[in-house]
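So the chains spell out like this:
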Amino acid sequence: MALFKYKVSDAAGKVSVTLIEGDSQAEAARRLQARGMLPLEFLGEGAAATGESGGLGIGGRKFDVEEFTDRLVPLLEANVPLERALGIVGEGLDDAYSAEIVGDLRRGLHEGRKLSGLIRDRGRMFPSLYSNVVEAGEEAGALPQVMSQLRGFLNDARELRSFVLSAAIYPVFVLSAGALMLCVVIGVIVPRFALILKQTDKPPTLSMEML
């Protein structure tokens with residue numbers, strides 16, 4: 001199934017933007033109508049629908065996979081059903097875009113789809129291994145345990161990125177400071193010393209009073 005993005009209106013007349021899976025644009029529109037929503041405008045499909053590029057969304061917004069996993073795993077480990085857990089996660093997110101993504105995942109589960117397939121449909125919004133790991137957990141009936149391991153891996157990867165970034169910033173700062181100092185020495189200090197040395201090399205001149 002592909003992922004479609006629509007501007008919709010609910011029964012109360014509230015306009016919003018939502019994502020929905022379907023085999024075609026027409027089927028996606030029918031699914032929206034079955035949910036009591038009126039499609040107003042088709043906004044695109046697939047990666048174009050979400051503006052996905054390394055996890056980036058519309059207007060440069062980003063879905064934080066690490067935060068999503070950090071919030072979901074403790075609920076699963078507490079034996080909260082997956083659909084309910086997604087609902088709790090979505091309600092706790094401050095970012096409307098991320099809450100929309102989680103809400104669509106929950107609706108997909110309600111329609112009978114697997115979480116791994118829903119994640120896979122979202123392309124590069126999630127790391128490439130994410131859907132495979134989730135699928136392995138679903139097949140083994142050990143989704144909380146597998147997701148916990150995935151959470152640890154994502155956190156370790158985040159710490160490694162932070163370490164590499166921090167380690168790269170210091171040499172860049174030192175090189176920048178060194179280049180700035182060199183420019184100051186060459187452009188300001190050296191010309192002044194040259195002028196002073198030039199003045200000290202001039203032969204003494206006799207004044208009219210001494211003649």
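A short tour of the structure in this document, coming up.

Parameters at a glance
Residues numbered from 1 in each chain as written. Predicted model: local features only at pLDDT ≥ 70, side-chain atom pairs only at ≥ 80, totals over all residues. Heavy atoms only, no water. Helix = DSSP H or I, 4+ residues; strand = E, 2+ residues; numbered from the N terminus. Buried < 20%, exposed > 50% of the residue type's maximum accessible area, 1.4 Å probe, protein only. Contact = heavy atoms within 4.5 Å. Phe/Tyr/Trp six-rings, centres within 6.5 Å; stacked < 30°, edge-to-face > 60°. Core = buried A, V, L, I, M, F, W, Y, C linked by side-chain atoms within 4.5 Å.

Remarks on the overall build of the protein chain
Counting its secondary structure elements, the protein chain contains eight helices and three strands. Starting at the N terminus and ending at the C terminus, the protein chain contains elements arranged as β-β-α-β-α-α-α-α-α-α-α. By residue count, 31% of the 211 residues in the protein chain fall in the buried class. The long-range share in the protein chain, meaning contacts at least 24 apart out of those at least 6 apart in sequence, stands at 52%.

A short note on unusual backbone geometry
Positive phi is not limited to glycine here, since Asn79 has a value of about 65 degrees. Within the element layout of this structure, Asn79 appears in the loop between helix 3 (65-77) and helix 4 (82-92).

Topic: the packing of aromatic side chains
In this structure the tally under the stated criterion is four aromatic pairs. Ring centres of Phe63 and Phe126 lie 5.3 Å apart, and the angle between their planes is 55 degrees; this geometry places the pair in the tilted category. Of the two residues, Phe63 sits in the loop between helix 2 (46-50) and helix 3 while Phe126 sits in the loop between helix 6 (115-120) and helix 7 (128-140), which places them 63 residues apart along the sequence. Just as Phe63 is buried, Phe126 falls in that class too. Arranged with centres 5.1 Å apart and planes meeting at 55 degrees, the rings of Phe126 and Tyr130 form a pair that is tilted.

Some details on the nonpolar core
In globular proteins that are soluble, nonpolar side chains generally tend to be buried together. Judged by nonpolar contacts, the single largest core of 30 residues is most densely connected at Phe63, Phe68, Leu72, Phe126, Tyr130 and Met147. Those elements giving two or more residues to this core turn out to be helix 3, helix 4, helix 5 (96-110), helix 6, helix 7 and helix 8 (143-200). For this core, the leading source of residues is helix 3, giving six residues. Not counting the four nearest positions on each side in its chain, Phe126 is found in contact with Phe63, Val65, Phe68, Leu105 and Ile119. Ranked by size, the runner-up nonpolar core spans eight residues in total, among them Phe4, Tyr6, Ala29 and Leu32.

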